[in-house]
Amino acid sequence: MYRFLLTPRWWGINVFVLLAIPFCIFMGSWQLSRFESRVADHRDATEEAASQRTQTARPLAELLPVDKKTSGDQVTATGRYGKQLLVPDRKLDDSNGYYVLTLLRTDDGKALPVVRGWLPGDADPAKAPAPPTGEVTVTGSLQASETPGDNGVSAQGGLPAGQTAAISSASLVNLVPYDVYDAWVTLNRGDSGMKAVPATAAADTGLDLKAFQNLGYTGEWFVFAGFVIFMWFRLLRREVEFARDAELGLVTEEEQHAAV
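Thresholds, definitions, all that
- Residues numbered from 1 in each chain as written.
- Predicted model: local features only at pLDDT ≥ 70, side-chain atom pairs only at ≥ 80, totals over all residues.
- Heavy atoms only, no water.
- Helix = DSSP H or I, 4+ residues; strand = E, 2+ residues; numbered from the N terminus.
- Buried < 20%, exposed > 50% of the residue type's maximum accessible area, 1.4 Å probe, protein only.
- Contact = heavy atoms within 4.5 Å.
- Areas by Shrake-Rupley, 256 points an atom, 1.4 Å probe, with all protein chains shown as cover.
- Pairing = 2+ DSSP bridges.
- Phe/Tyr/Trp six-rings, centres within 6.5 Å; stacked < 30°, edge-to-face > 60°.
- Lys NZ or Arg CZ within 6 Å of the ring centre and 35° of its normal.
- Salt bridge = Lys/Arg side-chain N within 4 Å of Asp/Glu carboxyl O.

Caption draft 1: Representation of the overall build of the protein in the model. For the protein, the helix and strand inventory stands at four helices and six strands. Along its sequence from the N terminus, the protein presents helices and strands in the succession α-β-β-β-β-β-α-β-α-α. Within the protein, the fraction of its 260 residues that count as buried is 35%. Considering only intrachain contacts with a sequence separation of at least 6, the fraction spanning at least 24 residues in the protein is 66%. As presented, the protein carries roughly 15,300 Å² of accessible surface, and 57% of it is formed by carbon and sulfur atoms.

Caption draft 2: Layout of the pairing of strand 2 (residues 74-92). The sheet contact formed by strand 1 (residues 58-59) and strand 2 spans two bridges and is parallel. What sits directly across from Pro59, in strand 2, is Thr76. Sheet topology places strand 2 next to strand 3 (residues 95-105); nine bridges connect them, and they run antiparallel. Its bridge partner lying in strand 3, Leu92 is registered against Ser95. Where strand 2 hands over to strand 3, the hairpin turn is made up of two residues, of which Asp93 adopts a positive phi near 55 degrees.

Caption draft 3: Quick look at unusual backbone geometry. Between Leu64 and the following residue, Pro65, the backbone shows a cis peptide bond with an omega angle of -5 degrees. Looking at where Pro65 falls in the secondary structure, it is placed in the loop between strand 1 and strand 2. Phi at Asp89 is positive, roughly 60 degrees, even though this residue is not glycine. Considering the arrangement of structural elements, one finds Asp89 in strand 2.

Caption draft 4: Examining the environment of Asp179 more closely. One can find Asp179 in the loop between helix 2 (169-172) and strand 6 (184-187). Expressed as a C-alpha distance, the spacing of Asp179 and Ser169, which sit 10 residues apart in the sequence, is 8.4 Å. Setting aside its immediate chain neighbours within four residues, Asp179 contacts Gly109, Lys110 and Ala111.

Caption draft 5: Representation of the environment of Thr200 in the model. Locating Thr200 in the fold gives a position in the loop between strand 6 and helix 3 (209-247). Take Thr200: its relative accessible area is 51%, and that puts it in the exposed class. Through-space distance from the C-alpha of Thr200 to that of Thr186 is 9.7 Å; in sequence the pair is 14 residues apart. Excluding anything up to four places from it in sequence, Thr200 contacts Ser71 and Gln143.

Caption draft 6: Expanded view of the pairing of strand 4 (residues 111-120). Among the 10 residues of strand 4, nine are classified as buried, and the element is accordingly described as predominantly covered. Inspection of the sheet shows strand 3 paired to strand 4 by nine bridges, in the antiparallel sense. Each residue of the ladder has a partner; that of Leu104, found in strand 4, is Leu112. In sequence, strand 3 turns back onto strand 4 through a hairpin of five residues, with Gly109 there showing a positive phi of about 90 degrees.

Caption draft 7: Focus on the packing of aromatic side chains. The final tally for this structure, using the stated rule, is four aromatic pairs. Each ring, one from Trp10 and one from Trp232, has its centre 6.3 Å from the other, and the planes form 85 degrees; the classification is edge-to-face. On the criterion of sequence distance, the pair formed by Trp10 in helix 1 (residues 8-52) and Trp232 in helix 3 is long-range, its members being 222 residues apart. Taking the centre distance of 5.6 Å and the plane angle of 90 degrees together, the rings of Trp221 and Phe224 count as edge-to-face. Of this pair, Trp221 and Phe224 both sit in helix 3, three residues apart, roughly one helical turn. Phe224 sits in the partly exposed class, given a relative accessible area of 40%. These aromatic residues form a ring-pair network of at least three members: Trp10, Trp232 and Phe233. Seen from the ring of Tyr178, Arg105 lies directly overhead, with NZ or CZ sitting 4.0 Å from the centre.

Caption draft 8: Structural view of the pattern of salt bridges. In the structure shown here, the tally under the stated rule is five salt bridges. Here Arg9 and Glu239 are joined by a salt bridge, their closest N and O atoms 2.9 Å apart. Of the two residues, Arg9 is situated in helix 1 and Glu239 in helix 3; the sequence distance between them amounts to 230 residues. For Arg9, a relative accessible area of 39% translates into the label partly exposed. Among the salt bridges present, the one from Asp93 reaches Lys195, with a minimum N-O distance of 3.8 Å. In this pair, Asp93 sits in the loop between strand 2 and strand 3 while Lys195 sits in the loop between strand 6 and helix 3, placing the two residues 102 residues apart along the sequence.

Set out below in C-alpha cells:
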C-alpha cells in the first residue's frame, strides 16, 4: 500500500520536507537568539544606566569612539562655546519643544556638540539662552551621533538657518567651519534654567519594535515547520486512501495513471 512512497514524485516531496523542516527550525532558533540577545542588551543597558548615575566623569578622549559600552557614560570636556544651533521637534515629558545645542571648541580644534537643555514650544533663537563666555568645563552623558529617520530622529530637510534635525557629525560638519566629534554630550543639569535632556540608550539595546519583530519571526518559522509536517501527513493520508480505493476497484484506470 505504501509503495507509492518510492515513486519519483514522493521522492521529491520527501526530500523537500527533510530539507524544509531543519531550515525552518534553524531560522526560528536564530530569530529567537536575536530576540534573547536584545533582551540581554536591554538588561545590561538598564543596569549600566543605573551605575552611570554615580560614576566618575572621565575625559572625552578616554571614551571615544562611542559604542554600546561607553554610550551614556559620564564625560567631562573643557573648551570655549562657539556656534549655537536649535534642534526642533524634540519631546520631553510628553511636551513638544527643542534642544539648545552649542558647539564646544576644545584645545585640539575640534568641536563637541553639547545639548545644554530643552525649551518648550517652537524653536526660537530669541528664547535660547546664550552660552557662557570664556573657558568652561562641561560634565554630562556621552551619546553617539544620531541617525536621521531612526528612533524618532527627524530626517526633515530645508530647516531655517541655525537649526539641525539630527545631532550628527555628518550633519553638523556642513553647518560649522570646523571639525566635529562623532559624539555629543547632554549636560546633567540644564544650563541657564533649561531642562536637562536625559541620556538615551545605545542603539539596538532596547526592547523596541525590532526586538518584537524577531520574536514574531520566530513564531512564523516554527509555524512554517509545523505546516510542512501537516501537509506531508495530509498528502500521505490522501495517497493511502487513493491506494485503498484503487484496490477496491473504485478508481478508474485513467485516474490511476494521473496519480502516478
